Amino acid sequence: MGAPGREPGPAPRALRTLLCTALLLTGLLATGLAQLRIPASVPRDFWALPENVTVLEGATAELRCGVTAPGSTVQWAKDGLLLGPDPRIPSFPRYHLQGDPARGEFYLHITACDLSDDAEYECQVSRSETGPALVSPRVILSVLVPPKVLRMTPEAGSSVTWVAGQEYTVSCVTGDAKPAPDITFLQSGQTISSVSANVNAGSQEKLFTTEATARVTPQSSDNGQLLVCEGSSPALDTPIRVSVTMNVLFPPGTPVIEWPGLEEGHVRAGQSLELPCVARGGNPLATLQWLKNGQPVSTAWGTEHAQAVARSVLVMTVRREDQGARLSCEAHNSVSTGTQERGVTLQVTFPPSAITILGSVSQSENKNMTLSCISKSSRPRVLLRWWLGWRQLLPTEETVMDGLHGGHISMSNLTFLARREDNGLTITCEAFSEAFTKETFKKSLTLNVKYPAQKLWIEGPPEKQQLRAGTRVRLVCLAIGGNPEPSLTWFKDLRPVTEPRPPQEPRRVQLGSLEKSGNTFSRELVLVTGPSDNQAKFTCKAGQLSASTQLLVQFPPTNVTILANTSALRPGDVVNLTCVSVSSNPAVNLSWDKEGESLEGLAARPRSAPYRGFAAARTVVLRVSSRDHSHRVTCRAHSAELRETVSAFYRLNVLYPPEFLGEQVLVVTAEEQREALLPVTLSANPAPEAFNWTFRGYRLSPAGGPRHRILSGGALQLWNVTRADDGLYQLHCQNSEGTAEVLVRLDVHYAPIIRTLQDPTEVDVGGSVEIVCTVDANPILPGMFSWEKLGEEEEDHSMDDMEKTSKGSTGCLRIHHAKLEQAGAYQCIVDNGVAPPARGLVRLVVRFAPQVEHPTPLGKVAAAGDSTSSATLHCRARGVPNIVFTWTKNGVPLDLQDPRYMEHTYHQGGIHSSLLTIANVSAAQDYALFTCTATNPLGSDHTNIQLVSISRPDPPLGLKAVSMTPHSVGLEWKPGFDGGLPQRFRIRYEAMGTPGYLYMDVLPPEATTFTLTGLQPSTRYRIWLLASNALGDSGLADKGTQLSITTPGLDQPSGEPDYQPPTGQPAGPSGLPLLPVLFAIGSLLLLSNAFCVGGFLWRWRLRHLAEGTSEKTEVGSEEDRVRNEYEGSQLTRDRDTQSSTVSTSEAEPYYHSMRDFSPQLSPMLEEVPYPRGFTGLENEDMAFPGPLYNEVERLYAPSGVCGALYDEVPMGPYDHDWPDHNYEKPRGIYDQVAGDLDTAEPDPLPFELRGHLV
């Protein structure tokens, strides 16, 4: 072979051409030979021909073809399409040939047959050398497709409601299938014959659907049964079925009445009848109702679905009116064509409801009496019989008539002779019948046989006896025998005696009822004697018999009357009065008096007297005046024998003009906004026609107004009176006889109102001033002015050195030699007894020269002098009037035009503050002494503030014990200057006589009080307090402030400690000589461990210095923060400063509590907490928070754990403290300048905390 990509040479190309030509000739020769008929040595034929095959869709089919033709090609054809000789038949993945070709087995195997496989197939054998081509007869592969669905109308699975006997149409359609399915309908399991079916083409070729329709006529027996549509096909093993449930509506059966008892319809009146009615069958179940004579009486029924029964029970009480009534029970439902009915007619048995006897049972003796007995209607009729006592009487006549409700009326008449001995016997009519054997019906009356009485008389007081009027007299009338009982009627002077009808009148006559005792009858008359009973005749009558008696009664005058000759009297007129006693027994004497004063009268001629008594008369003459109006003139009639007097009076009616009485009120006092009543005390006859009030010439409306009303008696009532209502009110009264007038003054009292009060009132210290309070009030009282001083402290309220005076409506408060503590708010109180008292506030302003706060010993502010930090200096002073601040640095006035300096001033009352902010602090330029001077027109004052570098803290001050128990002690102190960094406190203590020291860290770090626990009772301790920050602790030379205490014993009470004052140097501990050696060894061991731990903590503390300083701003309690937020402060920007920013982002000012400052001033605006870096007041005893030390600190994050902290400064690995000699004079370092320090000595400060190198 040549190399790739080269053309073949001439020789190989020619050789290849020759080979191709030879091969072509060989092929042509072979083809020609194949077409020649060569006698076969082996016969060619089919030993197995294919047959028709039927298969279900999805199944596997096999067409068999057996051939005896060696060397021949065999293949299958489908509908004339050759499938190819390849046994795998690639074009048809589901087709392949099976069998052994060597044996002539060419079986066409088709898997998962579908409709596309339904075709004609033939097996073809190609021509070969041994014989011609062979073709088998065509066979058919039939693929059966079963129906997948069967749809029914109505919808399968539903319930259809049909009416029995009506024809309905049901249709059923199958899904695609091959061949077309058969459809059969089953009704309640029985095949329906009337079915019409149609076969239609399916959705694909060779598929069919069958639609069948059946006509169904449901019967009542089909109710609840299934109507089934069944589809069958050769492709189905079992037919598919769908069905609907038939709900067949059909009418119920005829109802049945279940009558209780043997005789249907027979009942008795009053019987409680319960009739059940039952209707079976029906869909829906029957609706039942009861009717009586065609009218509904009950529509309640119940159903039992399990038994398909409807039941209704009629409950009724049978009455006699129900005789012949028809009761029927009707049943129907929604499909009933008519009403199913069952009825029964009632046959009612009832007795007579009553027996009546007609005729009078009262008759005179020996006369005939006729009676009739009648029974009410009954069924059946009754018989009547008569009884007199226990004796039966025979009737004279009997009659039977038709009655109500189909019954009968029986009547019996009886006539017999009335005898005296039959009086009081019972006459009875009895009704009976065999139908009512257990009952008896009868009517009874009592006979009354009349006969007269035998004797009549009266029992009472004897005649001619004198009775006093008002005496109770009893008269009794008696009679013997007689029927009816004698009525015994009383008469007085031939008029019947009756009791008085009105119940409110006294019962002077009581008429008793008729009483009987055996054969004797009596009636009592009880009366209280009066004038009309004098010589009156009282008679009792009983039928034709009568009896009489007469009474003699003594009585006082029945009526005393006064007669006047005139009715209208005026002052000076004469009146003639006559007194008449109408009747009395015996005669009386008459006398006159006026309002208890006896009058002389003249006897007059009397008239005739009633009641058979005596009359009398007497006259008197009077001259009247206005004072006699309404006076009574009395006439008295006296009977000496009866010792009784009867009086009558005549009231004089004197007409006169109005007159004001002496008790008329002329001045009325009232409080403002309240009610006032101006009374009227007046006499007049007739009453005044009108009361006319006028005020300041204006007439008040008699009909009233919004604030006044004239009462019926003339009084004037006022509401919500004001001071404008004060004055004279004139009242004018008038009647038909004349007029009168009166003046009434209204004095209105009102609460005081302060009119003038100068606020504020100013005075210089030592001067005098007068505070004048002028009011408007009524009344004006001498002691109504009082003064108070307002303040928080009790001592501020003292006003003993002030003079208080008042004159009229003006009160004065005089202050001589004014003092500063007298400044403040004063209250003028005026109380004249009318609420509320008036109160007026006035501020006394005492002007004084400035007083600057002077921190002790010297105010210090710490800041890093690296030209990136800032510092804020606070200066606060008191003074009135306003103060002007000036600043100097080392005695030289500060140029506030320099952009590095910014000043803020605050003014609140007498408190003034100046905040000087220094930006980009430089150690060379700004570590200096700053002086703040406060000036006002009365003088000036100043204070010094030293700006220094960040350093270790100063020792705390004032360590003391505030409480003590046997096992603990409470400590309190004041922190010193913290050196510009967060500081914390540690307590070192020892027990006297015990070697070694114990340490306790104070938590929280910023606390200034701490309770030291774990102490022993009755033990003496020495305690030291040390302060420390990131740069070291406060003076290890003297170990801080020392305190000696002794704990109390367990039997001693706990309380305030008796401690020794703190000393500068602690005494050395006493102990055995071996203790110092052991202590030194132990200290070395502890020190070696502490150095490693301390180195790590030192670097950790410096690394978190930023968090420490910012957290320090949150030290103050929430109460301190709120207390530092004040309103009403005045913020001013002075001297054209360049910015109002108090702090920068790199340096946050921190204010330490000013605990040693004595003046108590109000809080200023600049002390309100800033967003970061500020804290509130910690000491709650101070009246206002104020900073003593103003600190500005720098945030740093040093790195490293052990070894030198900074590369810039050589420093020993454990040299974390300042040299001791630097703290021998704590203030000395602040007097030096950075250039005066020894630069050769290693600086213990990190480079970031140093100031500028000079």
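I will try to describe carefully the structure that is included in this document. Counting starts from 1 at the beginning of each chain's written sequence and moves along it residue by residue. Residue-level local features of this predicted model are given only where pLDDT is at least 70; pairs of side-chain atoms are given and counted only at 80 or more, and the full residue set underlies all totals for whole chains, interfaces and linings. For side-chain calculations, the full set of non-hydrogen atoms in the structure is used, while hydrogens and water are omitted.

**Description of the state of the cysteines**
For step 1, the next point in the chain: Two cysteine sulfurs form what is called a disulfide whenever their separation falls within 2.5 Å. One pass over the full model with this rule turns up eight disulfides.
For step 2, the next point in the chain: In this model Cys-773 forms its disulfide with Cys-828; the gap between the sulfur atoms is 2.4 Å. Given an S-S torsion of about -90°, the disulfide between Cys-773 and Cys-828 has left-handed geometry. You can see Cys-773 sitting in strand β71 (residues 769–778) and its partner Cys-828 sitting in strand β75 (residues 824–830), a full 55 residues away along the chain.
For step 3, the next point in the chain: The thiol sulfur of Cys-812 is not disulfide-bonded, and the nearest other cysteine sulfur, from Cys-773, lies at 9.0 Å. Secondary structure is summarised from DSSP: a helix means a run of H or I of at least four residues, a strand means a run of E of at least two, and numbering begins at the N terminus for each.

**Some details on the sheet that holds strand β12 (residues 150–153)**
For step 1, the next point in the chain: When DSSP finds two or more bridges between two strands, those strands count as paired. As summarised here, the arrangement of the four strands in space is β12-β14-β18-β17, forming an open sheet in which the pairing is antiparallel. With partners counted over all chains shown, the strands left at the sheet margins are β12 and β17 (195–201), one partner each. Averaged over all pairs of adjacent strands, the angle between strand axes in this sheet comes to 15°, irrespective of strand direction.
For step 2, the next point in the chain: Looking at chain direction, β12 and strand β14 (residues 168–174) are connected through four bridges and run antiparallel. The residue bridging Leu-150 from the neighbouring strand is Thr-174, located in β14. For helices, the axis comes from a line fit to the C-alpha atoms of the stretch in contact; other axes are also lines fit to C-alpha atoms, and the angle between any two N-to-C directions lies between 0 and 180 degrees.

**Remarks on the nonpolar core**
For step 1, the next point in the chain: Nonpolar cores were defined as sets of buried Ala, Val, Leu, Ile, Met, Phe, Trp, Tyr and Cys residues, with membership established by side-chain atoms within 4.5 Å. With a 1.4 Å probe rolled over the protein chains alone, any residue whose accessible area is under 20% of its type maximum counts as buried; one over 50% counts as exposed, and the rest are partly exposed. Ranked by internal contacts, the top residues of the largest apolar core, which has 26 residues, are Val-67, Trp-76, Leu-108, Tyr-121 and Leu-141.
For step 2, the next point in the chain: The set of elements that each furnish at least two residues to this core consists of β2 (53–56), β3 (61–63), β5 (74–78), β7 (95–98), β8 (107–110), β9 (119–125) and β11 (139–144).
For step 3, the next point in the chain: Ranked by residue count, the leading element in this core is β9, at four residues.
For step 4, the next point in the chain: Note on contacts: a residue pair is in contact if any heavy atoms of the two residues lie within 4.5 Å. Once residues within four sequence positions are removed from consideration, Leu-141 is found in contact with Val-53, Val-55, Ala-61, Ile-110, Asp-117, Asp-118, Ala-119 and Tyr-121.
For step 5, the next point in the chain: Counting 24 residues, the second largest nonpolar core, distinct from the first, contains Val-861, Ala-871, Leu-896 and Tyr-927.

**Some points on the environment of Gly-231**
For step 1, the next point in the chain: Tracing the chain through its elements places Gly-231 in strand β19 (residues 226–232).
For step 2, the next point in the chain: Linking Gly-231 and Pro-146, residues 85 residues apart in sequence, is a C-alpha distance of 10.0 Å.
For step 3, the next point in the chain: Setting aside anything within four residues of it in sequence, one finds Gly-231 in contact with Leu-150, Asp-182, Leu-236, Pro-239 and Ile-240.

**With respect to the pattern of salt bridges**
For step 1, the next point in the chain: A carboxyl oxygen of Asp or Glu within 4 Å of a side-chain nitrogen of Lys or Arg is what we treat as a salt bridge. Under the criterion given, the structure shown has 47 salt bridges.
For step 2, the next point in the chain: With a closest N to O distance of 2.4 Å, Asp-322 and Lys-292 form a salt bridge. Within this pair, whereas Asp-322 is found in the loop between β27 (309–317) and β28 (326–332), its partner Lys-292 is found in strand β24 (residues 287–292), the two being separated by 30 residues in sequence. The pair Asp-322 / Lys-292 is uniform in exposure class, with both members buried.

**Re the pairing of strand β20 (residues 240–249)**
A regular strand places its side chains so that they alternate between the two faces of the sheet.
For step 1, the next point in the chain: Two strands pair when backbone bridges link them, and strand β13 (residues 159–163) and β20 are joined in this way by five bridges, in the parallel orientation. Residue pairing in the sheet places Val-160 in a bridge with Met-246 of β20.
For step 2, the next point in the chain: Here six bridges tie β19 to β20, and the two strands are oriented antiparallel to one another. When the sheet's bridge partners are listed, Leu-227 is paired in β20 with Val-244.

**Notes on the packing of aromatic side chains**
Aromatic rings in a pair are described by how distant their centres are and how their planes are angled relative to each other.
For step 1, the next point in the chain: Aromatic pairing here means that ring centres of Phe, Tyr or Trp (its six-membered ring) are within 6.5 Å. Orientation follows from the plane angle: under 30 degrees is stacked, over 60 is edge-to-face, and everything else is tilted. On inspection of all chains with the given rule, the structure shows eight aromatic pairs.
For step 2, the next point in the chain: On the basis of an interplanar angle of 15° and a centroid distance of 4.9 Å, the ring pair of Trp-162 and Tyr-168 is categorised as stacked.
For step 3, the next point in the chain: Trp-162 sits in the buried class, given a relative accessible area of 6%.
For step 4, the next point in the chain: What makes Tyr-168 buried here is its relative accessible area of 19%.
For step 5, the next point in the chain: A centroid spacing of 6.0 Å and a plane angle of 90° characterise the contact between Phe-436 and Phe-441, whose relative ring orientation is edge-to-face.
For step 6, the next point in the chain: For a ring to carry a charge above it, either NZ of a lysine or CZ of an arginine must fall within 6 Å of the ring centroid while also lying within 35 degrees of the normal to the ring plane. Between Arg-420 and the ring centre of Tyr-451, over which it is positioned, the NZ or CZ distance is 4.1 Å.
For step 7, the next point in the chain: It is Lys-455 that lies over the ring of Trp-457; its NZ or CZ is 4.9 Å from the centre.

**Some thoughts on the sheet that holds β8**
For step 1, the next point in the chain: In spatial order, the strands read β3-β8-β7; together these three strands make up an open sheet with antiparallel pairing. Lying at the two open borders of the sheet, with one neighbouring strand each, are β3 and β7. Mean inter-strand twist for the sheet, computed between neighbouring axes without regard to direction, equals 25°.
For step 2, the next point in the chain: In terms of strand pairing, β3 meets β8 through three bridges, oriented antiparallel. Its bridge partner being in β8, Ala-61 is matched across the sheet by Ile-110.

**Overview of the side chain of Asp-322**
For step 1, the next point in the chain: The class of Asp-322 is buried, set by a relative accessible area of 2%.
For step 2, the next point in the chain: Sequence-distant contacts of Asp-322, defined by excluding residues within four places in its chain, comprise Lys-292, Met-316, Thr-317, Leu-346 and Val-348.

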